[in-house]
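Results of the structural survey
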Amino acid sequence: MSHQGAAAAISDTVTMIDRCVRLMRRNVDTLFVSILLPLLMMALFVYVFGGAIDTGTEYINYVVPGILLLTTGYGASNTAMAVADDMTTGMIDRLRSLPIRSFAVLTGHVTASIARNAVSTAIVIAASLAMGFRPNAGPGDWLAAIGLMLLYVLALSWLAAGVGVIAKSVESASTLSFFMLFLPYLSSAFVPPETMPSWLQPVSEHQPITPVIETVRGFLIGAPPGNDGWIALAWCTGLLLFSFTLATSLYRRRTSR
Amino acid sequence: MIVEATGLRKSFGATEVLTGVDLHVEEGSVLALLGPNGAGKTTTVRILTTLTRPDAGQATVAGYDVLREPAQVRSVISLTGQYAAVDENQTGRENLVMVGRLMHLGRSAARRRTGELLDQFGLTQAMDRRVKTYSGGMRRRLDLAMSLIARPRVIFLDEPTTGLDPASRSTMWDAIGELVRGGTTILLTTQYLEEADRLADRIMVLDKGGIVATGTADDLKSQIGGERIELRFADERQLLKASGVLDGIAGQLVLNLPSDGTAAHLHHVLDVLRDNGVVPERVSSHRPTLDDVFLALTA
């Protein structure tokens, strides 16, 4: 075989990314929902609930970072359905009976997820600016915020890929999306944790989304993220390492004979 | 022997799916694994295509060991499974080019080969339509075309026509026949005797995880006789009486007899029944079917 080693691995991965991005572009329903849903949520929170929530700042400035994390969390978790679709149809056997690098299939889906989230995040940011979001972040702050969200999406997409590998069906894989849609409510995304009952506060403060939201919020509306930044980075890196290992070893196990 | 397997065993939990299968396929020939659902056909194919690990036994494909050299095996085979493994949201052409790239054909070679295959399988007109708009027969043809992109030395076809309408089945048979004439080695599984008869040089009948018969289609048919006569009775008592005087396989109010297909034999059967005071409700005669093969081989 002339195509061995790194060159073949890269070529396989590029082919799979190409495939997954194309499939994603054509899966209009999922794409539409993953953009429309956060927009609706943002409108709901800014125009309906926002007036009743006191965060000490303009509410839209408080809530947009939360919406961004909800967007990306939900978007990334949709990867589980795409992977489950491959795993539960004949496609996985076809792919496996080809001499390709085993993770190329998952890498393709994860990369497509990042592309999808980049698009939906950009749309949500544009909409939020139109609705009155006024960040006072410099280019460096933006880069830092985007970098952290990228890491967050990457980590969650690998986690979703792992869920997709073991899911018995596309429907059961979609449970993760539901969970990721719910989790931000138990964080500082929409209301300050201090306003929650005392038994809920520790949950809200120490779950991984809160430091990520706080850090993105800090970068975008100009408060230094401080400790939260490092905690967020640690959470995301840890989650990425864990998810990647989990997804690839589950994939190996599920597809090993 | 381009495919060779000995003593393949496989259990899933407490269920023994293969109880020791030996098989071999000569280069350029077609072997059909014939059997009902659950006989172990798919498991056998999955072992030979490196997708499932056997609990015991050995197998080589093109000289490569399926357990120790799976990557080499994968580079010389192709698998077309029971369910068309195609991306619904890609076009026919995109599906083909993708597989060509994954088989490590260069970009232009993948495109060239795609053009040839679209042409060969009559899909050129539909090549830029998404596969979800294809008919069942078109999907199977595309699936088969995808399997052929890198000119595999051995093609595994797992129930290539199950669920197809007669017209699509016939088109699929033509496509497979074309490959056979081109000298490709094929191992196919099927539930249809007719399909095995039409495509295969050699047939192995698989039942409950073991091989129960091997031979050409003619060999198998002669084992159970050329024709079958089926007698249907109104009640159990009549059936019992009839099976007492005629040598056949009894089923649900039915007696199934081997025959040479002549009118004289049918006459004789009816005479014997009349002499014993039995009147069958219905009489029919037909060519042997897979059911007959199984009844005969496992009775």
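Residues numbered from 1 in each chain as written. Chains lettered and ligands numbered in written order. Predicted model: local features only at pLDDT ≥ 70, side-chain atom pairs only at ≥ 80, totals over all residues. Heavy atoms only, no water.

1. What to know about the interface of chain A and chain B
What counts is decided by this rule: Residues are treated as being in contact if the distance between any of their heavy atoms lies within 4.5 Å. Salt bridge, as applied in this entry: a Lys or Arg side-chain nitrogen positioned within 4 Å of an Asp or Glu carboxyl oxygen. Each polar contact in these results corresponds to two N or O atoms within 3.5 Å; when the atoms are within protein, one needs to be able to donate a hydrogen and the other to accept it, and residues that are neighboring in sequence are counted only if both atoms are side-chain atoms.
Each partner contributes residues to the interface: chain A has 22 residues there, and chain B has 31 residues. Between the two partners, chain A and chain B, sit 5 salt bridges. Measuring nitrogen to oxygen at the nearest pair gives 2.7 Å for the salt bridge that ties B:E94 to A:R26. Our count for the chain A to chain B interface comes out at 11 residue pairs in polar contact (both at pLDDT 80 or more).

2. So, the sheet that holds strand β5 (residues 64-65) of chain B
Residues and elements named next belong to chain B. Note the cut-off: Criterion used throughout: strands pair if DSSP finds at least two bridges between them. Labels follow the DSSP assignment, with helices taken as runs of H or I lasting at least four residues and strands as runs of E lasting at least two, numbered in each case from the N terminus.
In spatial order, the strands read β2-β1-β4-β5; together these 4 strands make up an open sheet with antiparallel pairing. Edge positions in the sheet fall to β2 (15-25) and β5, since each of these pairs with one other strand and no more. In this structure, strand β4 (residues 56-61) lies alongside β5, joined through 2 bridges in antiparallel fashion. Residue pairing across strands places T60 opposite D65, the latter belonging to β5.

3. Details of the side chain of B:S78
Residues and elements named next belong to chain B. Put simply, the test is: Exposed residues in this analysis have more than 50% of their type's maximum accessible area, buried residues have under 20%, and partly exposed residues fall in between, with area computed by a 1.4 Å probe over protein chains only.
Note on placement: S78 falls in strand β6 (residues 77-80). Taking relative accessible area as the criterion, S78 reaches 7% and is therefore assigned buried. Within the structure, S78 has its side chain in polar contact with the backbone oxygen of S147 (distance 3.1 Å).

4. Focus: the domain arrangement of chain B
Where we set the bar: Residue ranges assigned to the domains are those given by an automatic or database domain assignment.
Domain boundaries in chain B define domain 1 (3-222) and domain 2 (226-298). Here domain 1 of chain B and domain 2 of chain B have C-alpha centroids that lie 38 Å from each other.

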